[in-house]
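Secondary and tertiary structure notes
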2 protein chains.
Amino acid sequence: MSESAAPTAPGTTEQDGKVVESESPTPVKEMKSLVLTGFGGIKMLKVLQNPEPTVSETEVLIRVKAGGLNFPDLMVRQGVIENPPKTPIIMGFECSGVIEALGENTTGLNVGDRVIGFSDYKCWAELVAIPAKYVYKMPDNMSFHEGASFPMNFATAYILLFDIANLRKGQSLLLHAVAGGVGTAICQLCKTVEDVTVFGTASAGKHDSVRDNLTHIYDHATDYCQEVRKVFPQGVDIVLDCLCGDDTNRGISLLKPMGKYILYGSSNIVTGETKSFFSFAKSWWQVDKVSPIKLFDENKVIGGFQLRRLLFQQGQDGYVRDIMNKLMKLYKDKKIKPTIDSAWAFEDAGDAMQKIQDRKNIGKIILDPTAQPKPRPKEATTEPATEATADGEAKKDETKSEA
Amino acid sequence: MSESAAPTAPGTTEQDGKVVESESPTPVKEMKSLVLTGFGGIKMLKVLQNPEPTVSETEVLIRVKAGGLNFPDLMVRQGVIENPPKTPIIMGFECSGVIEALGENTTGLNVGDRVIGFSDYKCWAELVAIPAKYVYKMPDNMSFHEGASFPMNFATAYILLFDIANLRKGQSLLLHAVAGGVGTAICQLCKTVEDVTVFGTASAGKHDSVRDNLTHIYDHATDYCQEVRKVFPQGVDIVLDCLCGDDTNRGISLLKPMGKYILYGSSNIVTGETKSFFSFAKSWWQVDKVSPIKLFDENKVIGGFQLRRLLFQQGQDGYVRDIMNKLMKLYKDKKIKPTIDSAWAFEDAGDAMQKIQDRKNIGKIILDPTAQPKPRPKEATTEPATEATADGEAKKDETKSEA
């Protein structure tokens, strides 16, 4: 990662963890970026000018066309993840775009290539320098918005279903947040296997929009275990859980013999716009530890999966590249296609986050550095500015869903 | 299960849980059987005459040619399993033989068919009545001894590798007791996948015999985790553990990212010929409970598998039949072939058990109701007799390996 990609803007300096304007800005080329200035609510996100990154020898420089917004970004913003980053930092774990420069030790990629990529932060900017090992060429017919919707959600869904759970013909599956980015990807991939029964939960208001994607849909507030057992008294073959907390225990209890439970998120932790130690602790404490001997007695499997950890801390980029190749083929064969909820300007990222937090999105939310911000009734900021915050209209909803 | 298959012999009656001779035996056809008369050492096994079973409408009657002996049979004998059976009981979970009679509601099988089958006890006898759902036709070129070596070990190995662990090209695996029945089956099935690295443990004396079956072999007493990490510093993709106890914790710690640990036995519990509460409790207490959140943080999967539970309590005979069909095809294609250590007369079952307990077998141990017992230097019993015990020569070793 090149030093010049540091997220502190040239027109600003970092002082006691806060970004402030300095008196003598350095004359370097700048780019628009979406910076987390500290942990907390959406007002901590600011659209700032930052120096353009340069590439190290193993990196490629990408002109970003779209960035993906995922639920874990909300957890990063609140600081409720393991090893939170130092702020200020440009956020964003995935993007699509066009290669503008190549490090000396990169192969197989060319300037001008349309690509998608993972990055350990930094994607929500006009330019990003990414290690070439995390970059993949896009199919010709894939749009940039589709491209930015693709890596996190589909790689997660594919690994969950086909590596860990080993989904086979005739099996049954329960998942939550079926209308979200990973949820819609899981539903699509399940349709590539014969005779799979998908039980899903989602807010009641979304049921009509996603009903065709799965077999049975329930409001999460209902006793979904009881509902599933009305259909399959023995339970299901696979539970994919992005919620954690009490849903973990319920999920494990719902497994039939040879069943597999996989935890791949902990969105139950996020109950309001800012960090709630109460929900954090509750979600952790509620999860029962499990003895391997109990799994032996019951013929069950439990596991966890976290794509960012796998890529950025555990060095499994080769494994993920194999998965991405398989997914690109499925896209070209028209077996899968990202569901996009909406695309937002950087200046409207706060609204976009609030939409995910309120569980109102159906499919992926995209941040587009080329998009124009929505007109604001008051205090509107239509041009990117160093001091612009990214909370926009969402300000009025700030305390809406706090625990 | 037909009532007439009750294991109490007609020349005996059950009295306070003990088999004693009664004064007026009922004149029914009798068969030789290997009966566990109570929990404990090998002297609790007796060769007894029992009434021939008759079939219920869903069962088939099999003239047994060979029965499989597995490590869990030792645990049954000692009573160190969940839900131990009532004694006296004819032991044996698998056999090969020829169908002699069919229940009215059985299909696809004929009198005279050479078959293998699972049964919830009762296999170690000249005849056994088994639900047809647990019976499979044998390939023509499979011997009866091979047939009785096949179901438990290969079905367990196949499910561990290809359903739960989802073994793929280029992966690595650690297993224990590589020279045992399941161990040899796992090693063979691993060779059906390209470029799999198998690490195994076995007693030093067996290394030469099994070295060609796997990649790296260690004495279990060595620090095998350290040895494996010399080859693969990140650890292995799959750990298959039949030992339990501290090996469970070590196995889970040895997983690389995306690794899978599966517990499929607890032979560490058996440290001597008779039940040791100390080893039992130690093995249980040593196993750490695991939080699903830890698995999420580390990208790991843990699980347990127990074929008998799956078949006899959890009703997954259809699933197991699919697996058996795949295994029969692999046998016909000469991809797999049971490794047989030795075959023993019922009268020598005690010696056979002691050989497994001393970890001296390489491959499967077979009990053959048609085999002649070994000549005994003293107190030799060459004919099946109601009072014959099945401990034979092993008597002198009774306390040898007790904890």
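Calculation notes
- Residues numbered from 1 in each chain as written.
- Chains lettered and ligands numbered in written order.
- Predicted model: local features only at pLDDT ≥ 70, side-chain atom pairs only at ≥ 80, totals over all residues.
- Heavy atoms only, no water.
- Helix = DSSP H or I, 4+ residues; strand = E, 2+ residues; numbered from the N terminus.
- Contact = heavy atoms within 4.5 Å.
- Core = buried A, V, L, I, M, F, W, Y, C linked by side-chain atoms within 4.5 Å.
- Buried < 20%, exposed > 50% of the residue type's maximum accessible area, 1.4 Å probe, protein only.
- Pairing = 2+ DSSP bridges.
- Least-squares fit on C-alpha atoms with pLDDT ≥ 70 in both.
- Salt bridge = Lys/Arg side-chain N within 4 Å of Asp/Glu carboxyl O.
- Polar contact = N/O pair within 3.5 Å; in protein donor to acceptor, adjacent residues only side chain to side chain.
- pLDDT = per-residue confidence, 0-100.

1. Quick look at the environment of E194(B)
Residue and element names in this part refer to chain B. In this fold, E194 is placed in the loop between helix 4 (181–190) and strand 12 (197–201). Along the primary structure E194 and K169 are separated by 25 residues, whereas in three dimensions their C-alpha atoms are 4.9 Å apart. What E194 contacts, discounting residues up to four positions off in sequence, is K169 and G170.

2. What about the nonpolar core?
Ranked by internal contacts, the top residues of the largest apolar core, which has 193 residues, are F118(A), I186(A), L327(A), F118(B), I186(B) and L327(B). In terms of residues, this core owes the most to one element, helix 3 (residues 151–164) of chain A, which gives 10 residues. Apart from residues lying up to four places away in sequence, L327(A) is in contact with F150(A), F154(A), A155(A), Y158(A), L189(A) and I336(A). Counting residues in hydrophobic clusters, the runner-up holds 40 residues, among them V239(A), I252(A), Y224(B) and Y261(B).

3. Let's talk about unusual backbone geometry
Residue P88(A) is bonded to the preceding T87(A) through a cis peptide linkage, with omega at 0°. Mapped onto the elements of the fold, P88(A) is located in the loop between helix 1 (71–78) and strand 6 (89–90). You will see that Y121(A), though not glycine, has its phi angle at about 75°, which is positive. Along the chain, Y121(A) turns up in the loop between strand 8 (114–118) and strand 9 (127–131). We classify Y121(A) as buried; its relative accessible area is 8%. The backbone phi angle of N83(B) is positive, close to 50°, even though this residue is not glycine. By the secondary structure assignment, N83(B) is in the loop between helix 1 (71–78) and strand 6 (89–90).

4. With respect to the sheet that holds strand 6 of chain B
The 3 strands lie next to each other as 4-3-6 (chain B), forming an open sheet whose pairing is antiparallel. Edge strands, defined here as strands with exactly one partner in the open sheet, are strand 4 (45–51) and strand 6 of chain B.

5. Focus: the relation of the copies chain B and chain A
Screw-axis analysis of chain B against chain A gives a translation of 0.0 Å along the axis, an RMSD of 0.0 Å, and a rotation angle of 180°. Viewed as a symmetry operation, the transformation between the two copies matches a two-fold axis. A high fraction, 100%, of the interface residues of chain B reappear at the interface in chain A, so the copies pair face to face through one surface.

6. Observations concerning the interface of chain B and chain A
By a widely used convention, the size of an interface equals the accessible area lost when the partners come together. Listed by partner, the interface residues are 45 residues for chain B and 45 residues for chain A. Along the contact surface separating chain B from chain A lie 4 salt bridges. Across the salt bridge formed by R168(A) and D163(B), the nearest N and O atoms sit 3.2 Å from each other. Put simply, chain B and chain A have 24 residue pairs in polar contact (both at pLDDT 80 or more) between them. Within the residue set of the side of chain B that touches chain A, elements represented by two or more residues are helix 3 (151–164), helix 7 (246–253), strand 15 (255–263), helix 9 (292–298), strand 16 (300–304) and helix 10 (307–313) of chain B. Judged from the 3 bridges that link them, strand 16 (residues 300–304) of chain A and strand 16 of chain B form a sheet pairing that is antiparallel. For V301(A), the partnering residue across the bridge sits in strand 16 of chain B and is G303(B).

7. Side note on helix 12 (residues 349–357) of chain A
All names here are of chain A. Most of helix 12 is tucked away, with 8 of its 9 residues classed as buried. Those residues of helix 12 not exposed but buried are A349, G350, D351, A352, M353, Q354, I356 and Q357. Residues of helix 12 that are buried in the fold lie against strand 3 (30–36), strand 4 (45–51), strand 5 (59–69), helix 1, strand 17 (340–344) and strand 18 (364–367). With its phi angle positive at about 55°, R359 sits one or two positions after the end of helix 12.

8. Some thoughts on the pairing of strand 15 (residues 255–263) of chain A
Residue and element names in this part refer to chain A. When you tally the buried positions in strand 15, you get 9 out of 9 residues, the bulk of the element. Where strand 14 (residues 236–241) and strand 15 come together, 5 bridges link them in parallel fashion. Counterpart to V236 in the pairing with strand 15 is L255. Across 5 bridges, strand 15 lies against strand 16 in parallel orientation. When the sheet's bridge partners are listed, Y261 is paired in strand 16 with I302.

9. What about the confidence of the model for chain A?
Residue and element names in this part refer to chain A. Confidence in the prediction of chain A, expressed as mean pLDDT, is 88, and 87% of residues score 70 or more. Ignoring residues within four places in sequence, the model shows residues 1–20, a span with pLDDT below 50, making 56 contacts including any to other chains. Reported for the predicted complex are a pTM of 0.87 and an ipTM of 0.87.

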